[in-house]
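Fold and geometry: a report
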Amino acid sequence: MNYRSAVSRLVAWLLICFLTCCGNDLYAWHGNVIARSRKAIPIVLTQSDGTLLSLVQARNSLVLLSFGFTRCPNVCPSILANLAAVCRELPIRERKRVSVVFVSVDPKDDAATLAAYLRMFDAGFTGLTGSRDEIAAVARAYGAAYKESQASGPDDLIDHSTDTLLIDATGMLRMSYSMDQLREHAAVAADLLRMLSE
């Protein structure tokens, strides 16, 4: 652990301890609060280990939910690298209560491809895939937009939305993070610690 990382973690801990004592009213969330929080729509898709996963299984944990695809040249690698950095800011005990779930919007991404791809960022990340219809239904439920290219070969890319969603431990959709916000690792970690303390 380098000095800068240790200081960032200490600052995040001190901030969360102070705000826990002083109450919710003083805490300014770093992410974009969803004004009308709602129950997260259950997801049942194929995990990167080939088994089915429902988000109901993630209760009592926070879920950071992102949409993308493994051939994405720069956006998805940036998002996943930042999510991995956020997780490293968390103490080990709290890190175990945060799940990062990456839903591929590309039907070409099978379980093995997703598993190999996500291991490059964090072995604990979960990848989900499914049929075109299953992926489309999940994306609609969470307001994720994407459009498959009509090209073929190396230009066969997919335009997709880039926000990461945060689902709390009770299964409520609470917050979203833009790519720029995700780059503030300590601030995102402070949000997660605060939410875990509720």
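Throughout what follows, the structure given in this document is the object of discussion.

What counts, and at which threshold
Residues numbered from 1 in each chain as written. Predicted model: local features only at pLDDT ≥ 70, side-chain atom pairs only at ≥ 80, totals over all residues. Heavy atoms only, no water. Helix = DSSP H or I, 4+ residues; strand = E, 2+ residues; numbered from the N terminus. Buried < 20%, exposed > 50% of the residue type's maximum accessible area, 1.4 Å probe, protein only. Contact = heavy atoms within 4.5 Å. Areas by Shrake-Rupley, 256 points an atom, 1.4 Å probe, with all protein chains shown as cover. Phe/Tyr/Trp six-rings, centres within 6.5 Å; stacked < 30°, edge-to-face > 60°. Pairing = 2+ DSSP bridges. Arc of directions from axis to C-beta. Polar contact = N/O pair within 3.5 Å; in protein donor to acceptor, adjacent residues only side chain to side chain.

A look at the overall build of the chain
A tally of helices and strands in the chain yields seven helices and 10 strands. Residues counted as buried form 48% of the 198 residues belonging to the chain. Partitioning the contacts of the chain with sequence separation of at least 6, the portion at a separation of at least 24 is 74%. Carbon and sulfur atoms provide 55% of the accessible area of the chain, an area that totals close to 10,000 Å².

Some words on the packing of aromatic side chains
Summed over all chains, the structure comprises two aromatic pairs. Between the aromatic rings of F102 and Y117, the centroid separation amounts to 6.1 Å while the plane-to-plane angle is 45 degrees, which identifies the pairing as tilted. Pair noted here: F102 is in strand β5 (residues 98-104) and Y117 is in helix α4 (residues 111-119), with a separation of 15 residues, a long-range link. For F102, a relative accessible area of 1% translates into the label buried.

Quick word on the pairing of strand β4 (residues 62-68)
For β4, the buried fraction is high: seven of the seven residues fall into the buried class. Burial of β4 is two-sided: the residues L62, L64, S66 and G68 facing one way and the residues V63, L65 and F67 facing the other way are all buried. Bridging between β4 and β5 involves seven bridges; their strand directions are parallel. Opposite F67, over in β5, you have V103 as the bridge partner. Bridge analysis of β4 against strand β9 (residues 164-167) gives three bridges, and the strand direction is antiparallel. By the bridge assignment, L64 is partnered in β9 with L166.

With respect to helix α5 (residues 132-141)
Within the span of α5, buried status applies to I135, A136, V138 and A139. Along the axis of α5, the buried residues cluster in a sector spanning 165 degrees; they form a single face. Turned more than 90 degrees away from the buried face of α5 sit D133 and R140, all of them exposed. Taken together, the buried residues of α5 touch β2 (44-47), β4, β5, β6 (126-129) and β7 (146-148). Positive phi appears at G143, one or two residues downstream of α5, with a value of about 70 degrees.

Some remarks on the side chain of S104
Relative to the helices and strands, S104 resides in strand β5. Classification of S104 as buried rests on a relative accessible area of 0%. At 2.6 Å, the side chain of S104 and the side chain of D109 are in polar contact. Among all residues touching S104, those that are not within four sequence positions of it are G68, F69, D109, L114, L128 and I135.

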